[in-house]
Amino acid sequence: MSDRTLKVTRGAAVVMARVLIYALIWVGLALLIAAIGIRVFWGEISVGQMLLNLVSVETDGGGGTIVWLGVLGIGVVPLLITVGIALWQSYRRRNKRRNGSSTSRRAQLTMRAISTGLVAAVVVGGTTAFATTVGIGDYIKAGNSKYNIGNYYVEPTITDAKNKRNLVVIYLESGEATLADDELFEKNAFAPLEEATKASEGWQSIEDFQQYEGGGWTMAGLTSTQCGIPLKGVGAVGTGSLNGLGGDVTTYLAGTTCLGDILEENGYNNVFMGGANAAFAAKDVFLTTHGYSAVRDLDDWRAAGEAENHFRSDWGLSDGRLLSHAENQIDELHAEAQKTGQPFNLSILTLDTHEPVHVYDYCDVDTKNEVTAVFACSMTKVAGFVNYMKDKGYLEDTAVVIMGDHLKHMSAGDAFHEQLDNHNNRTIFNRVWVPGEEKTMRPGVDQLNMYATILEAAGLTLKDHKAGLGISAFTPNVPKDSAQAMEPDVYADLLNSRSAKFYAEAWAGEDAVAE
């Protein structure tokens, strides 16, 4: 090989090595910043949660500020830092060539060792931090699980619908029942809602209502309580409709029968109302492809001429204004139901208690921690809606299910770490109203049991009280072949299992059947 060829080859190798090093620095920084950002805003999450939110992000009314911070922090900042390092190194090399190097061979080797160590630290540190934050280890472990959700999934069967009634389902953002403990917190944040839903007046509740293993965000709360299965990203990226980051999503768990599907089949008019952009995390697609005829969200409230001070810039419309619209909506739905005999399902998702909380003008902050006051103010608005239904006589023919969508997040930037980090039994707030009926509800159930529970609250007769992985909380009897009869640790292993074939079919739109 000629000297010229050897020189060119060595030069190309040097360039490629430098490009590789800078690429590794960029990747390491991006992963490190991503891990820090996730922990600050959400705490530790799962791979499924990450993927299912990435495929349908929204910069407007869906945590827009966080999205832009993510773009800047993960996309731009690491690139700028890497380019800066590359330019600085290039400048140093040019100076050495121009002025000659007086550095000893030993000093040069020491500098290279230090540089190599720093690059390795960035790459290893970033990769480790990110893998720990999103639970890569748990994701891999789940893929090797011997358990399969498909073996326990039950397609719900309605055997009688003659006693069906209207239904209202209210999801409370971060509605954790622990916040009702006025010994832990400055005051009972749920006091207004508890006053409006007294047991002495016929309201019921599930004692120790649990978040399901692996849950903990809004879409997981919606799908678990309306479809009876854990929400997983397995099969969501690369197969089915959720196959492109930020791309158009046309179906959502199309192979699974959910609450809206059953209600639509039985003549219900399903309407959803939320203050945020329903396109965030493809919530609108989930609802509209599962029986909801109308999804009213941020765009509707803007079109309705809501004043700017009724919105929070990161998410959307205040609970005060949302529930005011809900009063008008239920008036229309109830009148139509009486006229046509067609029952309705009105589902509502609150917003005010999503951190960082926003203080609206209807909320007087009377606590040192404003989060406590905002929770109480939101519950006051929900209580007002409950009392409105009562005053209008709607509770005579309408079942109501009120529950948190998940436990309160415990990310680095959220409140109440002192009270909640080491709490041994954090539970979800819930209240259930069934006209003319007072049944004892089975304690300690998780969100997956709410699918069957809601169907029975609506007056539908459900075969064996089963739907998805759940058993209605209205029955004390749990069949031995049900997932709910498993020992707690085995049940947790089942919920954590990847169950790839089951979810591939669920996302691809095929019938969700046992493997």
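It should be noted that the structure appears before, not after, this text.
Everything numeric in this text was worked out from a predicted model, so none of it was measured.

**Overview of helix H12 (residues 370-391)**
The first and last C-alpha atoms of H12 sit 31 Å apart over 22 residues, in line with the 32 Å expected at 1.5 Å per residue. For H12, the N-terminal cap is Asn369; the gap from its side-chain oxygen to the backbone nitrogen of Val371 is 3.0 Å. Immediately downstream of H12, the backbone of Gly393 shows phi near 85 degrees, a positive value.

**Regarding empty space enclosed by the protein**
Empty pockets left among the atoms are what a rolling probe the size of a water molecule brings to light. Following the criterion strictly, the structure yields two cavities of 30 Å³ or more and no others. What the second largest cavity holds in volume is close to 30 Å³. The wall of the second largest cavity is formed by Asn269, Leu333, Glu336, Ala337, Thr340, Gln342, Pro343 and Phe344. Taken together, the residues of the lining of the second largest cavity break down into four nonpolar, three polar and one charged.

**Thoughts on the packing of helix H11 (residues 319-340) against H12**
Between H11 and H12, the least distance of the axes is 9 Å, while the angle of their chain directions is 15 degrees. Between H11 and H12, the interaxial angle falls into the category roughly parallel. Judged by the sense of rotation from one axis to the other, the crossing of H11 with H12 is right-handed. From H11, Asp319, Gly320, Leu323, Ala326, Glu327, Ile330 and Asp331 reach across to H12, where they touch Ser378, Lys381, Val382, Gly384, Phe385, Tyr388 and Met389.

**Brief notes about the pattern of salt bridges**
Using the criterion set out here, one finds 12 salt bridges in the structure. We note a salt bridge from Lys408 to Glu355, for which the minimum N-O separation is 2.4 Å. Of the two residues, Lys408 is situated in the loop between strand S6 (398-404) and helix H13 (417-420) and Glu355 in the loop between strand S5 (344-349) and H12; the sequence distance between them amounts to 53 residues. For the residue pair Lys408 and Glu355, the accessibility class agrees, reading buried in each case. In this structure, Glu437 and Lys439 form a salt bridge, with 3.7 Å as the shortest nitrogen-oxygen distance. Among the residues examined, Glu437 registers a relative accessible area of 29% and is labelled partly exposed. Overall, Lys439 belongs to the partly exposed group, its relative accessible area being 42%.

**Structural notes on the nonpolar core**
Soluble globular proteins tend to bury their nonpolar side chains together. Core analysis: the largest hydrophobic core is formed by 70 residues, its most contacted members being Leu231, Tyr252 and Leu455. Residue contributions to this core peak at six residues, all from helix H14 (residues 450-457). Counting residues in each nonpolar core, the second largest holds 48 residues, with Ala196, Ala326, Val357 and Met379 among its members.

**Considering a nonpolar patch on the surface**
Together, Trp26, Val27, Leu79, Val83 and Leu87 make up an exposed nonpolar region whose accessible area comes to about 440 Å². Every element with two or more residues in the nonpolar patch is listed here: helix H1 (3-41) and helix H3 (64-99). Sorting elements by how many residues they give to the nonpolar patch places H3 first, with three residues. By secondary structure assignment, the location of Val27 is in helix H1. Overall, Val27 belongs to the partly exposed group, its relative accessible area being 35%.

**Some remarks on the side chain of Lys466**
Take Lys466: it is sitting in strand S9 (residues 466-467). On the basis of relative accessible area, Lys466 is assigned to the buried category, the value being 12%. Lys466 has contacts with Val154, Pro156, Ala452, Ile471, Pro479 and Asp481, leaving out every residue within four places of it along the chain.

**Overview of the state of the cysteines**
Applying the stated criterion across every chain, the model contains two disulfides. The disulfide partner of Cys227 is Cys258, and the S-S distance across this bridge is 2.0 Å. With the S-S dihedral at roughly 105 degrees, the linkage between Cys227 and Cys258 falls on the right-handed side. With Cys227 in helix H7 (residues 218-227) and Cys258 in the loop between H7 and helix H8 (259-265), this residue pair connects regions lying 31 residues apart in the sequence. In this structure, Cys227 and Cys258 share a single accessibility class: buried. Each disulfide pairs two cysteine sulfurs, and for Cys363 the partner residue is Cys377, the sulfurs being separated by 2.1 Å. Taking the sign of the S-S torsion, about 80 degrees here, the bridge from Cys363 to Cys377 comes out right-handed. Separated by 14 residues along the polypeptide, Cys363 in the loop between S5 and H12 and Cys377 in helix H12 bring together distant segments of the chain. Exposure remark for Cys363: the relative accessible area of 8% places this residue in the buried category. With relative accessibility at 12%, the residue Cys377 sits in the buried group.

The rules behind each value
- Counting starts from 1 at the beginning of each chain's written sequence and moves along it residue by residue.
- In keeping with the model being predicted, local features are shown solely for residues with a pLDDT of at least 70 and side-chain atom pairs are shown and tallied solely at 80 or more, while totals for entire chains, interfaces and linings include all residues.
- Side-chain descriptors were evaluated using all non-hydrogen atoms of the structure, hydrogens and water having been removed beforehand.
- Under the DSSP-based scheme used, a helix requires at least four consecutive residues in state H or I and a strand at least two consecutive residues in state E, with every element numbered from the N terminus.
- A helix is expected to span 1.5 Å for every residue after the first.
- As used in this structure description, the phrase polar contact means that two N or O atoms lie within 3.5 Å; if the pair is within protein, one of them must be able to donate a hydrogen and the other to accept it, and residues adjacent in sequence are counted only when both atoms belong to side chains.
- Cavity means a closed set of points on a 1 Å grid over the protein atoms alone, one where a 1.4 Å probe fits but cannot get out, pocket means an open set with protein on both sides within 12 Å along at least 5 of 7 lines, and lining means a residue has an atom within 4 Å of a point.
- Grid points are joined across faces, edges and corners, and a volume is the space filled by probe spheres set on the points.
- Residues are grouped as follows: nonpolar covers Ala, Val, Leu, Ile, Met, Phe, Trp, Tyr, Cys and Pro; charged covers Asp, Glu, Lys and Arg; every other residue, Gly included, is treated as polar.
- For helices, the axis comes from a line fit to the C-alpha atoms of the stretch in contact; other axes are also lines fit to C-alpha atoms, and the angle between any two N-to-C directions lies between 0 and 180 degrees.
- Throughout, the term roughly parallel applies to angles under 35 degrees, roughly antiparallel to angles over 145, roughly perpendicular to angles from 65 to 115, and oblique to all others.
- Crossing handedness: left-handed means the near helix sits turned counterclockwise from the far one by under a right angle, and right-handed means the same turn made clockwise.
- Between two residues, a contact is recorded if the distance between any of their heavy atoms is within 4.5 Å.
- Whenever Lys or Arg places a side-chain nitrogen within 4 Å of a carboxyl oxygen from Asp or Glu, that contact is recorded as a salt bridge.
- The cut-offs for exposure are 20% and 50% of the maximum accessible area for each residue type, with area from a 1.4 Å probe on protein chains only; residues under the lower value are buried, those over the upper are exposed, and the others partly exposed.
- Side-chain atoms within 4.5 Å are what join buried Ala, Val, Leu, Ile, Met, Phe, Trp, Tyr and Cys residues into a set we call a nonpolar core.
- Each patch is assembled from residues with relative accessible area greater than 30% and no salt bridge, linking like charges that lie within 9 Å and nonpolar side chains (Val, Leu, Ile, Met, Phe, Trp, Tyr) that lie within 5 Å.
- Only the protein chains shown count as cover for residues, and the accessible areas themselves come from Shrake-Rupley with a 1.4 Å probe.
- Pairs of cysteine sulfur atoms within 2.5 Å are identified as disulfides in what follows.

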